[in-house]
Structures are given as C-alpha cells and as structure tokens.
Amino acid sequence: MRSPVGSPVSDTRDFHLGKRLTHLPALREIGFHANRRLLRVQRLSHDPITGADALTTITGPVTTATGTRVPGLRFADGRSHALLSALLDFRLHPNGFTNKDLRTLTGELRGLDPDTVSAGQMTYDLRRLKTRNLIVRIEGTHRYQVTDLGLDTAKFLTCVHDRVLRTGLSELAAPTTTPGRLRSAATAYRIAVDTLTYTAQLAA
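Each value, and the rule that gives it
Numbering of residues starts from 1 in every chain and runs along the sequence as written. In keeping with the model being predicted, local features are shown solely for residues with a pLDDT of at least 70 and side-chain atom pairs are shown and tallied solely at 80 or more, while totals for entire chains, interfaces and linings include all residues. Side-chain calculation: all heavy atoms of the structure are included, whereas hydrogens and water are not. Elements are defined by DSSP. Helices are runs of H or I of four residues or more, strands are runs of E of two residues or more, and each kind is numbered from the N terminus. Working rule for contacts: check all heavy atoms of both residues, and any pair within 4.5 Å makes them a contact. In short, Shrake-Rupley with a 1.4 Å probe defines the accessible areas, and a residue's cover is counted only from the protein chains shown. Relative accessibility thresholds used throughout: buried, under 20% of the residue-type maximum; exposed, over 50%; partly exposed, between the two (1.4 Å probe, protein chains only). Within a predicted model, pLDDT stands for the predictor's per-residue confidence, ranging from 0 to 100. Take the buried Ala, Val, Leu, Ile, Met, Phe, Trp, Tyr and Cys residues and link them wherever side-chain atoms come within 4.5 Å; each set so joined is a nonpolar core. We call two N or O atoms a polar contact when they sit within 3.5 Å, provided that within protein one can donate a hydrogen and the other can accept it, with sequence-adjacent residues counted only if both atoms are side-chain atoms. Inter-axis angles, ranging from 0 to 180 degrees, are taken between N-to-C directions of lines fitted to C-alpha atoms, where helices are fitted over the stretch in contact. The scheme is simple: roughly parallel for angles under 35 degrees, roughly antiparallel for over 145, roughly perpendicular for 65 to 115, oblique for anything else. Crossing handedness: left-handed means the near helix sits turned counterclockwise from the far one by under a right angle, and right-handed means the same turn made clockwise. The nonpolar class holds Ala, Val, Leu, Ile, Met, Phe, Trp, Tyr, Cys and Pro. Asp, Glu, Lys and Arg form the charged class, and all remaining residues, Gly among them, are polar. To estimate how far a helix should extend, the number of its residues minus one is multiplied by 1.5 Å. Regarding the arc, it is the one traced by the directions from the helix axis to the C-beta atoms.

Broken down by element type, the protein chain carries seven helices and four strands. The order of α-helices and β-strands along the protein chain, N terminus first, is α-α-β-β-α-α-α-β-β-α-α. Of the contacts formed within the protein chain by residues at least 6 apart in sequence, a portion of 48% connects residues at least 24 apart. Summing over all exposed atoms, the protein chain offers an accessible surface of approximately 14100 Å²; the carbon and sulfur share of this is 58%.

This is the structure:
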C-alpha cells in the first residue's frame, strides 16, 4: 500500500493500523508528516558542490594566473596539518608573523628542531597558504596575517582531523572489551555484509 503522497508504507501494522480503507486518512497523515520531515533533512542551506570545490582548492594543486603550479595542503599530511594548526596560534595574530615565526612554530608542532626547517621550505609553505587566500602579506612588510577564511578553514580541518579521524581510527584499531558506538556500528555493518553475502551465495 502507498500513501497518497507517494511514500511507501510496506506494512500498515508498523504504524499500529490495519489495512482497511477506513485507516486511509490516518495513513495519509503519517505519510504527509514523514515526507515533510524527510524534506527538512534533505534541504541544504549550502551547495555541496561549493564545498567540494573548496576542499579541492585547499588539498589539490592550484595553477596561478602566471601558470605557476602550487601544490596543495594534503589533508592528514603531517606538514600540512602543522601549518593549519599554526594558523590558530594566537601568537601569530596581533602583529602578524614572519617566515621565521611560522618556521619555529611549525617545527615545534612537527616535533622537529626548528633549525632543521629551512627558510626556503617555509617560503614554499607560505606560498601554499597565500595562494589559497588563507594568509595575506601585510603591505610594505615581510609579515603575514591570517585571513578570516584561513582561520575558519584551519579550525574546521584541524578539528575534523583531531576529533574525528584520529579518535575514530583509534577506536577502530584498538581492541577493547567495551566497544564504543563507532566500533559497535562497524561490527553491525560487517555482520550485515556477511549475512547478505551468505544469503546471496545460497541463492546462487
């Protein structure tokens, strides 16, 4: 049976209703509200294509107007992650920062002796940030300032990396007698795949 608005109702008993026509108005109401909830979930205040383009701009190579190819900030790469994390450090914000300032901070974040990071390497990294408008050069100086886009992007990507990817993978990789939600969901998914595979093999 289908509701008048097109939502499938495979078993009316799921809604504690019978299959008599007298229950049609109630099923119509259930289907209507279910569709409205689905549409509210699916409605977006942003364009996902824009988000995909923005991610590609950050993580993929960019070719400048002069034809120069500037490599991306690869997501989860240690060096790129240190750069983005450094942009959130308050020390860089009041008066901007220099090549040396960023070199020292990113070296510390990577667990390196800052002296082992060359000025040329940091110039390369500054170009990667500047090309993507994450930082701008302060006019008439050799100092840089983090842009609003840079601050927002760095905050978002570092949080996803630290609070979602690393913690999630840690839970999946570490055996435990008291699994969390992610491991429980992963286990349920594996069981479902195994069940479907077994069923398909029997039917073959």
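There's more to say after this.
With that settled, consider unusual backbone geometry. For Ala76, which is not a glycine, the phi torsion comes out positive at approximately 80°. Mapped onto the elements of the fold, Ala76 is located in the loop between β2 (69–70) and α3 (78–86). The backbone phi angle of Asn133 is positive, close to 60°, even though this residue is not glycine. Position of Asn133 relative to the elements: it lies in the loop between α5 (119–131) and β3 (135–137). Look at Asn133 and you get partly exposed, because its relative accessible area is 40%.

To continue, consider the confidence of the model for the protein chain. Averaged over all residues, the pLDDT of the protein chain is 84; the fraction at 70 or higher stands at 83%. Low pLDDT (under 50) marks residues 1–7, which in the prediction has 18 contacts with non-local residues, meaning those over four places away or in another chain.

Here the focus is the environment of Leu112. In this fold, Leu112 is placed in the loop between α4 (99–109) and α5. Ignoring sequence-local partners within four residues, the contact set of Leu112 consists of Gly107 and Val117.

Attention now moves to the nonpolar core. Counting residues in hydrophobic clusters, the biggest one holds 20 residues, and the most contacted among them are Phe97, Leu102 and Leu129. Elements supplying a minimum of two residues to this core: α3, α4, α5, β4 (144–146) and α6 (148–173). Not counting chain neighbours up to four residues away, the residues in contact with Phe97 comprise Leu92, Leu102, Leu126, Ile135, His142, Arg143, Tyr144, Gln145 and Val146.

Turning our eyes to something else, we now look at the side chain of Asn99. Position of Asn99 among the secondary structure elements: in helix α4. Side chain to side chain, Asn99 and Thr123 meet in a polar contact 3.2 Å long. Once residues within four sequence positions are removed from consideration, Asn99 is found in contact with Ala119, Met122, Thr123 and Leu126.

For the rest of this paragraph, the subject is the packing of α3 against α4. Direction vectors running N to C along α3 and α4 enclose 120°, while the axes themselves pass 9 Å from each other. Accordingly, the angle class assigned to the pair α3 and α4 is oblique. Handedness of the α3/α4 crossing: right-handed. Only Leu102, Leu105, Thr106 and Leu109 of α4 make contact with α3, whose side of the interface consists of Ala82, Leu83, Ser85 and Ala86. Class assignment for the residues of the contact of α3 with α4 results in six nonpolar, two polar and no charged.

At a minimum axis distance of 10 Å, the contact between α4 and α5 shows a crossing angle of 100°. Relative to α5, α4 is oriented roughly perpendicular. Across the interface between the two elements, Asn99, Leu102, Arg103 and Thr106 of α4 pack against Ala119, Met122, Thr123, Leu126 and Leu129 of α5. Class assignment for the residues of the contact of α4 with α5 results in five nonpolar, three polar and one charged.

Taking 1.5 Å per residue, 13 residues should reach 18 Å; α5 reaches 18 Å between its end C-alpha atoms and fits that length. Within α5, burial applies to Met122, Asp125, Leu126, Arg128 and Leu129. Burial along α5 is one-sided: seen end-on, the buried residues are contained in an arc of 155°. Just past α5, the residue Asn133 takes up positive phi, approximately 60°.

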